[in-house]
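# Chains, contacts and geometry: an overview
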Amino acid sequence: RPIFDENGDFVQPGNDQRNPAAILAFVEDNTTTTRVLGAASANVNIIEGLDYKFLVGIDRSEAVRRSAFSEQLNFDDVRGRGGRAFILNDYAYSYLLEHTLTYNRQIDNHTFGILGGFSYQEFDSRFDRIDAQRFRVDDPQLMLNNLSAADADNNADAFRAQSGRGIDELQSYF
């Protein structure tokens, strides 16, 4: 199948037969992710055979996705809508705290060990998203760098915003 037609335009037969060259020309889609992982622990020998351990850990991730689709792209959800663009901010945090006590004792040729403790982990995730369509321009870079280029006059569906948050936790004794 050819990439261009006789007029030099991209051949775009339809939603189920996409032209990769047209996608590269008419879509801007970038994601930047920052992730920090860390853990620290401390051990204390309370008495012979009895040890206490404390552990703290963190997993923090922040991602920003910026995507724009020119109206020149022959996709059902873009064509006739003046193009579409969205910016998504996604945040995920996880914190871990653990306390353990271990007791080890050797009697003759036998070693006995007992372990007990508490573990707590919290997961906090949230997102913010803004979508825009009905743009006055069809350059994906211009659309992403100026969402207000969407024509909101007489177009109640030009902008949509969403956000959400969820917090979960796990606790265990052992």
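For the structure, see preceding data.
Basis of the calculations
Residues numbered from 1 in each chain as written. Predicted model: local features only at pLDDT ≥ 70, side-chain atom pairs only at ≥ 80, totals over all residues. Heavy atoms only, no water. Core = buried A, V, L, I, M, F, W, Y, C linked by side-chain atoms within 4.5 Å. Buried < 20%, exposed > 50% of the residue type's maximum accessible area, 1.4 Å probe, protein only. Helix = DSSP H or I, 4+ residues; strand = E, 2+ residues; numbered from the N terminus. Contact = heavy atoms within 4.5 Å. Pairing = 2+ DSSP bridges. Axes fitted to C-alpha atoms, helices over the stretch in contact; angles between N-to-C directions. Salt bridge = Lys/Arg side-chain N within 4 Å of Asp/Glu carboxyl O. Phe/Tyr/Trp six-rings, centres within 6.5 Å; stacked < 30°, edge-to-face > 60°. Lys NZ or Arg CZ within 6 Å of the ring centre and 35° of its normal.

Membership of the largest hydrophobic core is limited to ten residues, which are Ala-68, Ala-85, Ile-87, Ala-132, Phe-135, Met-143, Leu-144, Leu-147, Ala-149 and Ala-150. Those elements giving two or more residues to this core turn out to be strand 3 (84-107) and helix 2 (140-145). If sequence neighbours within four positions are ignored, Ala-85 has contacts with Ser-67, Ala-68, Ile-130, Asp-131, Ala-132, Phe-135, Met-143, Leu-144 and Leu-147. Listed in part, the eight residues of the second largest apolar core include Ala-22, Phe-26, Phe-75 and Val-78.

Strand order in this open sheet of five strands is 1-2-3-4-5, and the pairing throughout is antiparallel. The open sheet has two free edges, formed respectively by strand 1 (27-47) and strand 5 (159-173), since each of these has just one partner strand. The sheet shows a mean angle of 5° between the axes of neighbouring strands, direction not considered. Two strands pair when backbone bridges link them, and strand 2 (residues 50-69) and strand 3 are joined in this way by 20 bridges, in the antiparallel orientation. The residue bridging Lys-53 from the neighbouring strand is Thr-100, located in strand 3.

Moving on: the pairing of strand 1. For strand 1 and strand 2, the ladder comprises 20 bridges, and the chain directions are antiparallel. Bridged to Asn-30 within strand 2 is Arg-66. Hairpin connection of strand 1 to strand 2: two residues between the antiparallel strands, including Gly-49 at a positive phi of 90°.

Another aspect to go through is the environment of Ile-130. Among the structural elements, Ile-130 can be located in strand 4 (residues 110-133). On a C-alpha basis, the gap between Ile-130 and Asn-45 in space is 54 Å, while along the polypeptide they are 85 residues apart. Every residue in contact with Ile-130, bar those within four places of it in the chain, is listed here: Ala-85, Phe-86, Ile-87, Leu-147, Arg-160 and Ala-161.

This brings us to the environment of Ile-47. The residue Ile-47 is located in strand 1 in this model. By relative accessible area, Ile-47 is classed as partly exposed at 49%. Along the primary structure Ile-47 and Arg-35 are separated by twelve residues, whereas in three dimensions their C-alpha atoms are 39 Å apart.

Applying the stated rule across the entire model yields ten salt bridges. Between Glu-62 and Arg-60 there is a salt bridge whose closest N-O contact spans 3.5 Å. Given the relative accessible area of 31%, Glu-62 is considered partly exposed. We classify Arg-60 as partly exposed; its relative accessible area is 33%. Across the salt bridge formed by Asp-153 and Arg-136, the nearest N and O atoms sit 3.8 Å from each other. Residue Asp-153 is found in the loop between helix 2 and strand 5, and its partner Arg-136 is found in the loop between strand 4 and helix 2; the two are separated by 17 residues along the sequence. Since its relative accessible area comes to 53%, Asp-153 is described here as exposed. By relative accessible area, which is 53% here, Arg-136 ends up exposed. Where salt bridges share partners, they join Arg-129, Asp-131 and Arg-160 into one cluster.

The next thing to look at is the packing of aromatic side chains. Applying the stated criterion to the full structure yields three aromatic pairs. Measuring from ring centre to ring centre gives 5.3 Å for Phe-10 and Phe-26, while their planes differ by 80°; the resulting arrangement is edge-to-face. Here Phe-26 lies in helix 1 (residues 20-26) and Phe-10 lies in the segment before helix 1, a separation of 16 residues in the sequence. The class for Phe-26 is buried, based on a relative accessible area of 11%. Aromatic ring contacts, followed pair by pair, group Phe-4, Phe-10 and Phe-26 into a single cluster. Here the basic side chain of Arg-18 rests over the ring of Phe-75, its NZ or CZ set 3.6 Å away from the ring centre. We note Arg-126 situated over the ring of Tyr-91; from NZ or CZ to the ring centre the distance is 4.2 Å.

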